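Observations on the three-dimensional arrangement
For reference, the chains in residue letters:
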Amino acid sequence: MTQHVSPPRDGTGKAAPVDGPPAWRVQLGRADVRTLTLLGVLAALVLIGGITQPDSFLDTRNLQLVLTQASVIGVVTVGMTFVIVSGGIDLSVGAIVALASVWATTVATQEYGFVGILFTAVVVGVGCGLVNGVLIAFGQMVPFIATLAMLASARGLALQITDGRTQVVTVPSVLDLGERDSYVLGIPPLVLVFAAVTVIGWLVLNRTTFGRRTVAVGGNAEAARLAGIDVRRQRLYLYLLSGLCCGIAAFLLIVLAGSGQNTNGNLYELDAIAAAIIGGTLLTGGRGHILGSVLGVLIFTTITNIFALNNLQTDVQQIAKGAIIVAAVLVQRRTASTH
Amino acid sequence: MTNLPSRRGLLFGAAAVSAGVVLTGCTSNDPDDGDDKAADTQPAADDQPGKQVTIGYAGPQADHGWLNAVNDQAQKRAEKYSDVTLEVTEGSNDTAQQIGQIETLINKKVDVLVVLPADGKALTQVGLKAMRAGIPVVNLDRIFNSPQAYRCWVGGDNYGMGLNAAHYIGEKLKGKSGAKVIELAGLDNLELTQQRTKGFDDGLKNYPNIQKVARQAAEFTVESGQAKMAQLLQAQSQFDALWNHDDDQGVGALRAIEQAGRDDFLMVGGAGALSAFQAIKADSGVLKATVLYPPTMAASAIDLARALGQGKGVSGLAEFEIPSTVTCYSAVVDKENVDQYMSTGFK
């Protein structure tokens, strides 16, 4: 952990005593305070859910439901976090999920069964990521523009493939993965994939050279280049990684919804960016937290769940979602202020 | 009271028929006698080839099963007539682009325009322009802001969908006290969603034994249907019926129902997708019926446009001209009549 230059602040924003921060503070460090804050928000939400709907909210099935619904967007958010840490942005994630899901559910791929669908979804995701990466790293395009172009063309292509139709999956082995029978110790397979992606993402970002290079590129690309990092290749890999996550997410969505549709992944880009920012990842790059992002996703999914269980209407849900983004960021500013 | 003539009058749409014709119908037992009837002086449109008509068709981007079916129905119907040439523009959801396409059709001097605007209000001006240029406009589904912008409107009955869904559910749950229904609505910021819900609520008022206990809005997509339905199922441990506004999101809703292992209620869908018809026919799950929002209205729009171009009335109506509005009926399709509708089901 890096040493703090400015005196750490406690929850009320007052400066800590001059004789130094309490011992637990030093040990926890800034990132963990943020994680604890997010866990606190999540705990508060669980409390609200438990009080308002004790029977349906505090229920194993509901826990499984919330985690399952967080899985698809969660996997996308892990990839998005890497891209944002490097100072970039990927606006095309939702469109890539849509394209990968419709390509993987066309009649042709369904003939090849489970493997065909999984393979196609991942290949299409990685392929789109490759195009993004090449345009940004070697075409010197601004990530915002390059991925915006991918958003438009991938959605268009998805529409062209489906002709606006819903492509229902008829492969039993794929559908079975979403059924209760395939739960492992009560955990849905989709959630296991989400957990695995989270753990791998955390390890890669925090414990590998690749992760350190990503942070370095996002912190100061020129300095990273002078330090001997191949910035362009690093960027290429990061958009590939985001595309790969979209491919995996597309497969999870196919299992969940039992179909591919060109409207799949609608507004995932905004949800993923919002979750990453709530999680403490800087939109300007140079700092990111996989666990924070995942907690951000869980917070959003839990809110949606509580709203639905209490039968609140869409307009109320949207207003509250906006308010919670603002509140979460404000709370973070106070508990874990940046340099 | 002799109510036979008035009943017949109703059958032929008494409200739309002129007083003189009603009088004729009331005083005569045989509709074929008399020599001053409208049908003799004004030919009704039929399948016999007539004057060549060029119809310009501008529809939205088919990004949804129903819209795709609408575009299909229009083209197939036009192919049926040897005297109709259909000029089709590329579907677009972009207002400016669709205005440009319609202006191109006006410049080509097509005889009649059929327009399903991406946004009815935004395209009112170009509808007016076509009408002023002497090209009658058949406005399909999403209505223009001004009646001056179209000669005829053909569309569905969203309120009627809700109403008929409520009546179907009401009859099924008759005699069950304390019955609960839930509603999975479509995109909440569309007026049509609000109309469907209003019709449903009004219909349910006829059945005091039924209470609507929950309503969630999805987004007309499979993904949103699955997500919202999964939550609804978790929230409501027991209910008797579900009305889902749209069969496309219904694919997702059915998936959520299957994943939750629930089969303790009946489900009524909306719109009329092929997959819904097949599920109703197979009768293997909770889906027992669907309320139509018929895509065949596009075929009817072509019929009316052809009649307009040829200066004919409509077969079955005594009017000299085609009507100014046609609202399609939101029929309930269940196991009994599903075969009749199967061919109109969209993928």
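Residues numbered from 1 in each chain as written. Chains lettered and ligands numbered in written order. Predicted model: local features only at pLDDT ≥ 70, side-chain atom pairs only at ≥ 80, totals over all residues. Heavy atoms only, no water.

Put simply, the test is: UniProt positions are given in the numbering used here, feature names are shortened, and annotations may be inferred rather than shown by experiment.
In the annotation of an unreviewed UniProt entry, chain B is listed under the name Secreted solute binding protein and assigned to Streptomyces ambofaciens. Among the UniProt annotations of chain B, the heading Sequence similarities (unreviewed entry) holds the following wording: "Belongs to the bacterial solute-binding protein 2 family." Taken from UniProt, the Subcellular location (unreviewed entry) comment for chain B reads in full: "Cell envelope".

The name an unreviewed UniProt entry assigns to chain A is Ribose transport system permease protein RbsC, from the organism Streptomyces ambofaciens. In its Subcellular location (unreviewed entry) section, UniProt records this for chain A: "Cell membrane".

**Observations concerning the sheet that holds strand 2 (residues 53–58) of chain B**
Residue and element names in this part refer to chain B. Threshold: Strands were regarded as paired on the criterion that DSSP finds at least two bridges between them. Elements are defined by DSSP. Helices are runs of H or I of four residues or more, strands are runs of E of two residues or more, and each kind is numbered from the N terminus. Every angle, taken between N-to-C directions, lies between 0 and 180 degrees, and every axis is a line fitted to C-alpha atoms, over only the stretch in contact when it is a helix. Should any heavy atoms of two residues lie within 4.5 Å, those residues are counted as being in contact.
In space, the six strands of this open sheet follow the order 3-2-4-5-6-13, with parallel pairing throughout. Strands at the two margins of the open sheet, each flanked by one partner only, are strand 3 (84–88) and strand 13 (325–327). Pairs of neighbouring strands in the sheet enclose a mean axial angle of 20 degrees, with direction left out of account. Direction of pairing for strand 5 (residues 137–140) relative to strand 6 (residues 152–155): parallel, over a ladder of three bridges. In the sheet register, V138 faces strand 6, and the bridge partner there is C152. Taken strand by strand, helix 5 (residues 95–107) contacts strand 2, strand 3 and strand 4 (112–115), and its axis lies near 170 degrees from that of strand 2.

**So, the UniProt feature "domain: Periplasmic binding protein" (unreviewed entry) in chain B**
Following the UniProt record, the feature "domain: Periplasmic binding protein" (unreviewed entry) maps to residues 55–312 of chain B here. Secondary structure across residues 55–312 of chain B divides into 46% helix and 20% strand, with the first and last C-alpha atoms of the span separated by 15 Å.

**Examining the pairing of strand 5 of chain B**
Residues and elements named next belong to chain B. Test applied: Accessibility here uses a 1.4 Å probe with only protein chains present; expressed as a share of the type maximum, an area under 20% marks a residue as buried, one over 50% as exposed, and anything in between as partly exposed. Throughout, right-handed denotes a crossover for which the path from the first strand over the helix to the second runs clockwise when the strands point away from the viewer.
On strand 5, burial covers both faces: V137 and N139 on one face and V138 and L140 on the other are all buried. Alignment of strand 4 against strand 5, held across three bridges, turns out to be parallel. Bridge pairing in strand 5 places L113 opposite V137. Note on the crossover from strand 4 through helix 6 (residues 124–132) to strand 5: the handedness is right-handed.

**A closer look at the pattern of salt bridges**
Basically, it comes down to this: Only one rule defines a salt bridge in this text: a Lys or Arg side-chain nitrogen within 4 Å of an Asp or Glu carboxyl oxygen.
Evaluated as defined, the whole model comprises 21 salt bridges over all chains. One salt bridge in this structure joins R255 of chain B and E179 of chain A, with 3.1 Å as the shortest N-O distance. Linking R255 of chain B in helix 10 (residues 247–260) with E179 of chain A in the loop between helix 8 (172–176) and helix 9 (189–207), this pair reaches from one chain into another. Of the two residues, R255 of chain B and E179 of chain A, neither departs from the other in class, the shared state being buried. Residue E183 of chain B is joined to K212 of chain B by a salt bridge in which the shortest nitrogen-to-oxygen separation is 2.6 Å. Here K212 of chain B lies in strand 8 (residues 210–217) and E183 of chain B lies in strand 7 (residues 179–185), a separation of 29 residues in the sequence. Taking the relative accessible area as the measure of exposure, E183 of chain B reaches 0% and is therefore buried. Given a relative accessible area of 25%, K212 of chain B falls into the partly exposed group.

**Digging into a nonpolar patch on the surface**
All names here are of chain A. Short version of the rule: Like charges are joined within 9 Å and nonpolar side chains (Val, Leu, Ile, Met, Phe, Trp, Tyr) within 5 Å, but only among residues with over 30% relative accessible area and no salt bridge; these make up the patches. Calculation of accessible area relied on Shrake-Rupley with a 1.4 Å probe; when residues are assessed, cover is drawn exclusively from the protein chains displayed.
On the surface, V142, F144, I145 and L148 cluster together into a nonpolar patch covering about 360 Å² of accessible area. Checked against the element boundaries, F144 lands in helix 7 (residues 143–162). Take F144: its relative accessible area is 45%, and that puts it in the partly exposed class.

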